[in-house]
Amino acid sequence: MKKVPIKIHTANALRWLGSLYRNPSDAIKEHVSNAIDEHLKANNLGKAVSVCRVTFTLEKDRVIIEYPYGMSREQFESVLQRVADSVKKSFDFKQIGQLGIGMFCFFQIGKKCTFFSKKDKGYETIKVMLKEGSDDAEFETARKRESLREPGVRVIISGLRFDPTKPRGPLSPTKLKRLFAEKFNSFLKDGSLEIIINSKGTIYTVSPLKIDLPKVGESYKDWPLPRDRNKRFSLELYFDPSGKGIVKIRHIGVTIIDDIKTLDAYGLEESIYASGDVKGFIDADFLKPLPSRTGFEENDDWISLLSELDKIRSSIEAKVEELKREEEEKKLTEIQRKAVELARDILNIEEFKDLELLEGLGRKPPEPRFPPNGFDFMPSSIRIEQGKTGTLSLKALVPKVVPNNSMVKVGVSNSSSVELITQSLFLKASEADKDGVVTTHVSFKGKSKTTVPAILTAITGKLKAEAHIRVTAPVQTREPIIGKAKEGRGINYKEVSFEDGPDKHSRYVSRVIEINELNEDYKREVLKGTEQTQLAYAALMIGKETIAYNDKSGTADDYLEKIVSFYFRLKNRLTATSQRIVKSRYRRLKKSV
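What you are looking at is a predicted structure, and each value in this text was computed from that prediction instead of being measured. (Residues numbered from 1 in each chain as written. Predicted model: local features only at pLDDT ≥ 70, side-chain atom pairs only at ≥ 80, totals over all residues. Heavy atoms only, no water.)

1. Focus: the overall build of the protein
1) Next: When helices and strands are tallied, the protein shows 11 helices and 27 strands.
2) Next: The 593 residues of the protein split such that 44% are buried.
3) Next: Taking contacts inside the protein between residues at least 6 apart in sequence as the whole, the part at least 24 apart equals 64%.
4) Next: When the accessible surface of the protein is summed, it comes to about 32,700 Å², and 50% of that surface belongs to carbon and sulfur atoms. (Helix = DSSP H or I, 4+ residues; strand = E, 2+ residues; numbered from the N terminus. Buried < 20%, exposed > 50% of the residue type's maximum accessible area, 1.4 Å probe, protein only. Contact = heavy atoms within 4.5 Å. Areas by Shrake-Rupley, 256 points an atom, 1.4 Å probe, with all protein chains shown as cover.)

2. A word on the packing of helix α9 (residues 520-527) against helix α10 (residues 531-549)
1) Next: For the pair α9 and α10, interaxial distance at closest approach is 7 Å and the crossing angle is 135°. Judged by the angle between their axes, α9 and α10 are oblique. Residues Asp521, Tyr522, Glu525 and Val526 of α9 lie in contact with α10, whose contacting residues are Thr533, Gln534 and Tyr537.
2) Next: Among the residues forming the contact of α9 with α10, the class breakdown is 3 nonpolar, 2 polar and 2 charged. (Axes fitted to C-alpha atoms, helices over the stretch in contact; angles between N-to-C directions. Parallel < 35°, antiparallel > 145°, perpendicular 65-115°, else oblique. Nonpolar A, V, L, I, M, F, W, Y, C, P; charged D, E, K, R; others polar.)

3. Concerning the pattern of salt bridges
1) Next: Inspection of every chain in the model, using the stated rule, returns 42 salt bridges.
2) Next: The partner of lysine 388 in a salt bridge is glutamate 385, with the nearest N and O atoms 3.8 Å apart.
3) Next: Under the relative-accessibility criterion, lysine 388 is labelled partly exposed at 46%.
4) Next: Accessibility expressed as a relative area gives 23% for glutamate 385, which makes it partly exposed.
5) Next: Aspartate 521 serves as the salt-bridge partner of arginine 569, at 3.0 Å between the closest nitrogen and oxygen. Of the two residues, arginine 569 is situated in helix α11 (residues 556-592) and aspartate 521 in helix α9; the sequence distance between them amounts to 48 residues.
6) Next: Taking the relative accessible area as the measure of exposure, aspartate 521 reaches 1% and is therefore buried.
7) Next: Through salt bridges that share partners, Asp26, Lys29, Glu30, Lys183 and Asp258 make up one connected network. (Salt bridge = Lys/Arg side-chain N within 4 Å of Asp/Glu carboxyl O.)

4. Digging into the environment of proline 372
1) Next: For proline 372, the position within the fold is in the loop between α8 (313-347) and β15 (375-378).
2) Next: A relative accessible area of 65% means that proline 372 is categorised as exposed.

5. Remarks on helix α4 (residues 73-80)
1) Next: Restricting attention to buried positions, one finds in α4 the residues Phe76, Val79 and Leu80. The buried residues of α4 occupy an angular sector of 95° when projected down its axis, which confines them to one face. (Arc of directions from axis to C-beta.)

6. Details of the environment of arginine 22
1) Next: Inspection of the secondary structure puts arginine 22 in the loop between α1 (10-18) and α2 (24-28).
2) Next: Sequence separation between arginine 22 and threonine 294 is 272 residues, and the spatial gap between their C-alpha atoms is 7.6 Å.

7. Overview of the sheet that holds strand β19 (residues 418-420)
1) Next: Ordered by their spatial adjacency, 4 strands build an open sheet running β15-β17-β21-β19, and the pairing between neighbours is antiparallel. The open sheet has two edge strands with one neighbour each: β15 and β19. Between one strand axis and the next, the sheet turns through 35° on average, direction left out of account.
2) Next: Sheet analysis places β15 next to strand β17 (residues 389-397), joined by 4 bridges and oriented antiparallel. (Pairing = 2+ DSSP bridges.)

8. Quick look at the packing of aromatic side chains
1) Next: Tallied over the entire structure, the rule returns 11 aromatic pairs.
2) Next: Connected via pairs of aromatic rings, a cluster forms that spans Tyr522, Tyr537, Tyr567 and Phe568.
3) Next: Looking at arginine 250, its charged tip hangs above the ring of phenylalanine 281, at a distance of 3.9 Å from the centre.
4) Next: Over the aromatic face of phenylalanine 498 sits the side chain of arginine 507, whose NZ or CZ is 3.8 Å from the ring centroid. (Phe/Tyr/Trp six-rings, centres within 6.5 Å; stacked < 30°, edge-to-face > 60°. Lys NZ or Arg CZ within 6 Å of the ring centre and 35° of its normal.)

9. Overview of the confidence of the model for the protein
1) Next: For the protein, mean pLDDT is 83; residues scoring 70 or higher make up 84% of the total.
2) Next: Predicted confidence is poor over residues 86-91, with pLDDT under 50, and the contacts of this stretch with residues over four places away or in other chains come to 15 contacts.
3) Next: Low pLDDT (under 50) marks residues 95-99, which in the prediction has 29 contacts with non-local residues, meaning those over four places away or in another chain. (pLDDT = per-residue confidence, 0-100.)

10. Re the nonpolar core
1) Next: Judged by nonpolar contacts, the single largest core of 46 residues is most densely connected at Phe180 and Leu193.
2) Next: In contact with leucine 193, other than residues within four places in its own chain, are Val32, Ile36, Val51, Cys52, Val54, Phe184, Phe187 and Leu188.
3) Next: Among the nonpolar cores identified, the runner-up in size contains 31 residues, and Ile249, Ile256, Trp302 and Leu306 belong to it. (Core = buried A, V, L, I, M, F, W, Y, C linked by side-chain atoms within 4.5 Å.)

11. Side note on a nonpolar patch on the surface
1) Next: A surface patch of nonpolar side chains, amounting to about 420 Å² of accessible area, comprises Ile563, Phe566, Leu570 and Leu574.
2) Next: You can see isoleucine 563 is positioned in helix α11. (Patch = residues over 30% accessible without salt bridge, like charges linked within 9 Å, V, L, I, M, F, W, Y side chains within 5 Å.)

12. Observations concerning the side chain of threonine 255
1) Next: Inspection of the secondary structure puts threonine 255 in strand β13 (residues 254-257).
2) Next: Residue classification places threonine 255 among the buried residues on the basis of a relative accessible area of 1%.
3) Next: Within the local environment of threonine 255, its side chain forms a polar contact with the backbone oxygen of glutamate 182, the two atoms lying 2.9 Å apart. (Polar contact = N/O pair within 3.5 Å; in protein donor to acceptor, adjacent residues only side chain to side chain.)

13. Observations concerning the pairing of strand β23 (residues 463-472)
1) Next: Pairing of strand β16 (residues 381-385) with β23 involves 5 bridges; the strand directions are parallel. Bridge pairing in β23 links isoleucine 382 to isoleucine 469.
2) Next: Sheet topology note: the strand β22 (residues 454-460)/β23 ladder contains 7 bridges and is antiparallel. Considered in β23, the bridge of threonine 460 is made with leucine 463.
3) Next: Here β22 folds back onto β23, and the loop between the two strands holds 2 residues, one of which, glycine 461, carries a positive phi near 60°.

Have a look at this one:
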């Protein structure tokens, strides 16, 4: 049998290796990965610096990358003579890179890459040049002005294919900052890595991701594979109420799979991990990344991991469903609070002023149209929590009482408890309303709790306005639970199943408005409706019960129930008719086309 040796065009092959990366930003991250690998190796030998600092300098005609671990001439030669068969494989510690092709990532960014490397103190700085279209690497000793003072590497990519300083470019600082935070979050979080980007004189520091969401799957922090219990994976997952969560898979702390939804044909793309309800990371250091780290080898370990993720899926789903219910409860509670406020505002309108409001609902006292003295704080007192910001309106009759363009000086009697944000302001007749009233606002912040209210003063000429500010300790809030009474401006609201069936919409019992969960209108408007229909339904029931409360004969409630039912039947029919008209017009339009 005749054997024919395979020959390869080295320059073309190297360019192809450099094109394996998804985009320029994905390619340039290889230098961070290389720096981390060198840091891990130095740490294993007890020679690591405290923080591996990687610096990117973006200039119009070149990109400079620097980090604190250099290589000797012999190490460079060894790497370049074993491309795609990296010496890294021989190391007995965990590492990110495997094949040693990261040196050629520059092909997506420029046509030339120059390395200045100093292995250690006492070593000379070597200069290594790689060029597009060349089969060879050029080695020489760096000139004195090019030499590095401290051990490390300086990489200069030139002959750029684009301007990296452009704000919307493939290497824009904001894009790199976000990518590095996502890719290297675990190293940034533990403080072993620091990444700095310098562009046009502005310095950007990459910060670890801040995820302030409920955790899920905490039991699977160090979970073994059944076929080999020495191989373990870890889940760092969070419930994402936005429904836009993304789960990534990491290897040695670096993201390899950017979104688990992209894993077609494995079933995971349709699971809880890809639902959007969960975000976070799956760490599996035993997996083997593909060259350029765009995926993993589909070996037995990969299949075993997918199988185990599927087994624990049900417990993740159960926790997510629990958190989704809690989130819906919070959302509904907020809608109910808004409904009480909305109903209260409507019942303050003149045509409803003859109604006696439900106990606890109360009426807002009408605000005076004019400042009583022509120059006043309205209202004249306020209560704010410690650490919170408050605002009071300062109203003036300009120029009737206060001259046009008057300057007002603002002061406070107790600056240790109240910090003024507004120090002075001007009153201009051009800003007056139709009644000649100019309204400005004075802002302040509560610093510490007051026993005696602080006095806020505003002085212009001989006029002086005063208001009292009381600073209180922060209020401890409690999340209410659906089915139990919810407080809303002094009135309670809850949703329950009425014992006499689905006919009645609502009732008022012992200062609590109860909404019937069995009613069909409730199911349609609240359970299946939008936030707007939920708000409208709750406010309507509060209004209905307020009107019924004013009928001492006890007969109005039945009629109100009928008019509410009539309204929802009418609304449903009009909606259905509107949909039929739209469909009919669409069919006619389509037919004519």
